[in-house]
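# Fold and contact review
What follows is the residue order along each chain.
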Number of protein chains: 2
Amino acid sequence: MQEHADTQSSAPLRIGVAGLGNVGATLVRIIQKDGLELTRKLGRKLVVTAVCARSRSRDRGIETAELEWFDDPVALAKSDSIDLFVELIGGEDGPALAAVKAALEVGRPVVTANKALLARHGVALARIAEESGAQLGFEAAVAGGIPVIKTLREGLGSARIARVYGIMNGTCNYILTRMGNEGISFEECLRDAQKLGYAEADPTFDVGGFDTAHKLAILASLCFGCEIAPDEIFVEGITSISQADIKVAGDLGYKIKLLGIAQRSADGIEQRVHPTLVPKTSAIAGVDGVLNAVALETDHVHELLLAGPGAGGPPTASSVLSDILDIARGNRVPPLGVPTAELIPYRQAPMRAHQGGYYIRLNAKDIPGALASIASRMGAAGISLESVIQRPDLRVTDTGSDGSKTRTIVLLTHSTMEATVREALAQIASDGFIVGEPQLIRIETL
Amino acid sequence: MQEHADTQSSAPLRIGVAGLGNVGATLVRIIQKDGLELTRKLGRKLVVTAVCARSRSRDRGIETAELEWFDDPVALAKSDSIDLFVELIGGEDGPALAAVKAALEVGRPVVTANKALLARHGVALARIAEESGAQLGFEAAVAGGIPVIKTLREGLGSARIARVYGIMNGTCNYILTRMGNEGISFEECLRDAQKLGYAEADPTFDVGGFDTAHKLAILASLCFGCEIAPDEIFVEGITSISQADIKVAGDLGYKIKLLGIAQRSADGIEQRVHPTLVPKTSAIAGVDGVLNAVALETDHVHELLLAGPGAGGPPTASSVLSDILDIARGNRVPPLGVPTAELIPYRQAPMRAHQGGYYIRLNAKDIPGALASIASRMGAAGISLESVIQRPDLRVTDTGSDGSKTRTIVLLTHSTMEATVREALAQIASDGFIVGEPQLIRIETL
């Protein structure tokens, strides 16, 4: 408990940083450069005394003369030469997990930007932190520079949250924004995103929706006081979104965004990540490019929207630093908002019970009876249609796999149940009038 | 210092509430209703034990049986029967000031929603709080349910703020939104706002911009680490905004919003409240109706936008409660973000040195030479024009006071200095071709 006492004193706070990539190096630079300003604010000094990184020789624009170097992040985490451990290594297991655990176990406060680690081990780590009396900050883990963790843990009083949704992956939002503005394909946008450093060489983690799912799992726990359940999330990425989808959605007054959404329902908590039709007039529709945004719908506050940079060295380092400042002040809040013993088990609301509107794009064979089959199956299922659109310019493929000509039909349904829509689509497929898989995009009422 | 010790214990936190209007009654109801949930979160009980209000008999939907009633807020503030004092009386002086001072002087933490009090006496109150070791929370004082104070005091790490701007008065935003959507006059919108309870019988404080100025003064202090200077703010209200202004601005791609803006400039800090042309594509342009929003532009985080309800019982009470929870946890942060001794004096950047674009609407006499006079005076002043619009449908008044026919001319300037624009307008007036006062609205680059 020596470390805990140290964090409340007015002695300099000695910080150890593991991982000197973009965020880590930026953090060290800020603390070295703005030290005086921070001291003025805090009444105590912040000083990075030790670091751990693969290369000691790389020029990162930081002062290294007075730094103690570690090769092993666990050794740094446990070292008595630091009062606070910052984990910026990344990865849900391996050295990041080992080091964070080691620090918390000796009662040393930890700040991390690692969403995968939190999503996977957040409850276990919060429990260790509680037992040893250490603090655990992770503002930077969700939506980079947007203080959404602090807002959820501390800022909303007693407000009970009904739904949280957000754009939490800059890569996907960049791609969808450019597809919308410039009429170019997913593949072309992705290539540009890779060139600009917005997307990884293997983009699956981003464009497949998994990165958003990690962040959503953390938010859902904070919003609903439940355990973190990253494996219970329905996840669909953006790879199937075509120009036709963006164009028709636009004509109907919608934009397509990759949203992570968690909401209370009668059956439990729904957690889902999928491309979503959002009304152009909604605030979140205006969040474009690499920007992120999180909306919180509460009983008391109605809706709160936080928008800003979701990634990048300076915004992320700024969030890491806000956690460091809280710890330096001796301020404490349970890592997941409530003590871990008070977390309720996560009860998954099944996706087939999801209620909402649907955008459906079908390739129908260009023969008599096709539209009648589609319309009568939807009618029989009790699905009420808001719009039906068939236009020559929406043809996605001219011919089906069997060589027949096809035409593109888009349906917008009123609110219905996911299971009902899927059943109706299976029946439409069995009628033999459509070619290929239907495109199905959920509409969110905002 | 007995009270300070109490706030860090796990004993129930006894709360005294002065002022049981909408916000006060809602707060008491929430604490009474959600007590168990709050205890689960905090590990300690919150209980409202004492109140002070004019009428004891009015039905406010709260349990009154166990409440101790005070007639004098100062007596409540000083009473040893409470651990925390909540001031919801309102007013910048009088009983609110006396009670808050009394509580802080005996070391009792205070939470208030009173922007006028904070704008006027914030530094003095923060100093008393520092001396006695009491906390002072005022999340609800700016932008109701939006946690902008917490974000500025704690959430932005070391980020240095370059500009803060926001829509901080729901009455004005409601009026401007309806004028824009429905094409009706300021007067008609104001009457409706009054009917709906969004505007006071005497609306001057809201529509004159003074309410926004109070909030801006508080934000500017938190953003720039300077003393609060409510009297150094340039304030213009929205009463002169006509349908013609909204229409032309709309045609040119702008909306008109009442913004409070504070920014660093070479000359010091500019604080100004005025109707503003904002690009329709900007995030803040989408904040309509009674909603509020605050945007923070920092070196590190680029821009952060927080949008949500700026008033109303539940959102405001939720913000009051978030301050109460921080205090119940024993968390501490200097009221103005830095210790008062570290606040720098406020250095006002003069409005005449303001740089920006201008929208200018003139009533020119319908005689040869009018436009030439205007254009040559602007050119001679070195003011470059982005747009010049003269259309028959923009005629605001058909005849000048001298009976001559007039036509409306709108100019949009590129960025220039306020003093230069004012000088050019004075010269144009002296040429005798215009009738009445020119309308001048600043354009903000967002």
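None of these values were measured; they are calculated from a predicted model. (Residues numbered from 1 in each chain as written. Chains lettered and ligands numbered in written order. Predicted model: local features only at pLDDT ≥ 70, side-chain atom pairs only at ≥ 80, totals over all residues. Heavy atoms only, no water.)

Strand pairing within a sheet occurs via backbone hydrogen bonds; the two strands may be parallel or antiparallel. All names here are of chain B. If you trace the six strands from one edge of the open sheet to the other, you get β3-β2-β1-β4-β5-β6, paired in parallel fashion. Unpaired on one side and paired on the other, β3 (68–70) and β6 (136–137) mark the two borders of the sheet. Direction of pairing for strand β5 (residues 110–112) relative to β6: parallel, over a ladder of two bridges. Considered in β6, the bridge of valine 110 is made with leucine 136. Helix α5 (residues 94–105) contacts β4 (84–87), β5 and β6 of the sheet and is inclined by roughly 165° relative to β4. (Pairing = 2+ DSSP bridges. Helix = DSSP H or I, 4+ residues; strand = E, 2+ residues; numbered from the N terminus. Contact = heavy atoms within 4.5 Å. Axes fitted to C-alpha atoms, helices over the stretch in contact; angles between N-to-C directions.)

All names here are of chain A. Look at alanine 143: it is not a glycine, yet its phi comes out positive at around 55°. Turning to its location among the elements, alanine 143 is positioned in the loop between β6 (136–137) and α7 (148–155). You can call alanine 143 buried: its relative accessible area is 1%. (Buried < 20%, exposed > 50% of the residue type's maximum accessible area, 1.4 Å probe, protein only.)

Let us look at the sheet that holds strand β1 (residues 13–18) of chain A. Residues and elements named next belong to chain A. If you walk across this open sheet you meet the six strands as β3-β2-β1-β4-β5-β6, and the pairing is parallel. Each having just a single partner strand, β3 (68–70) and β6 make up the two edges of the open sheet. Here strand β4 (residues 84–87) pairs with strand β5 (residues 110–112) via three bridges, running parallel. Counterpart to phenylalanine 85 in the pairing with β5 is valine 110. Contacts from helix α13 (residues 313–328) reach β1, β2 (46–52), β4, β5 and β6, with the element oriented near 165° to β5.

Time to look at the nonpolar core. Ranked by internal contacts, the top residues of the largest apolar core, which has 182 residues, are Phe85, Val148 and Ile175 of chain A together with Phe85, Val148 and Ile175 of chain B. Residues within four places of phenylalanine 85 of chain B in sequence aside, it is in contact with Gly16, Ala18, Pro73, Leu76, Ala77, Ala99, Val100, Ala103, Arg108, Pro109, Val110 and Val111 of chain B. Counting residues in each nonpolar core, the second largest holds 31 residues, with Leu13, Ile30, Leu84 and Val320 of chain B among its members. (Core = buried A, V, L, I, M, F, W, Y, C linked by side-chain atoms within 4.5 Å.)

Let's shift gears to the relation of the copies chain B and chain A. Here chain B sits on chain A after a turn of 180° about the axis and a move of 0.0 Å along it, with an RMSD of 0.0 Å. Each copy turns onto its partner about a two-fold axis. Comparing interface residues between copies, 100% of those in chain B also sit at the interface in chain A, which points to an isologous, same-surface contact. (Least-squares fit on C-alpha atoms with pLDDT ≥ 70 in both.)

All names here are of chain A. Close contact between α7 and helix α11 (residues 210–224) brings their axes to 9 Å; oriented N to C, the two are set at 15°. With respect to α11, the axis of α7 lies roughly parallel. Here α7 runs over α11; the crossing is left-handed. Residue-level inspection shows Val148, Ile149, Leu152 and Arg153 of α7 in contact with α11, the latter providing Ile218, Leu219, Leu222 and Cys223. Looking at the contact of α7 with α11 residue by residue, the classes come out as seven nonpolar, no polar and one charged. (Parallel < 35°, antiparallel > 145°, perpendicular 65-115°, else oblique. Left-handed = near helix turned anticlockwise from the far one by under 90°. Nonpolar A, V, L, I, M, F, W, Y, C, P; charged D, E, K, R; others polar.)

Further remarks concern helix α15 (residues 418–430) of chain A. All names here are of chain A. Taking 1.5 Å as the rise per residue, α15 with 13 residues should run 18 Å; its terminal C-alpha atoms sit 18 Å apart, in good agreement. Within α15 the residues assigned to the buried category are Glu418, Val421, Ala424, Leu425 and Ile428. For α15, the arc enclosing every buried residue in end-on projection is 130°, short of the 170-degree limit, so these residues lie on one face. Buried residues in α15 make contact with β13 (355–365), α14 (370–380), β16 (416–417) and β17 (439–443). At the C-terminal side of α15, glycine 432 shows a positive phi close to 80°. (Expected span 1.5 Å × (residues − 1). Arc of directions from axis to C-beta.)

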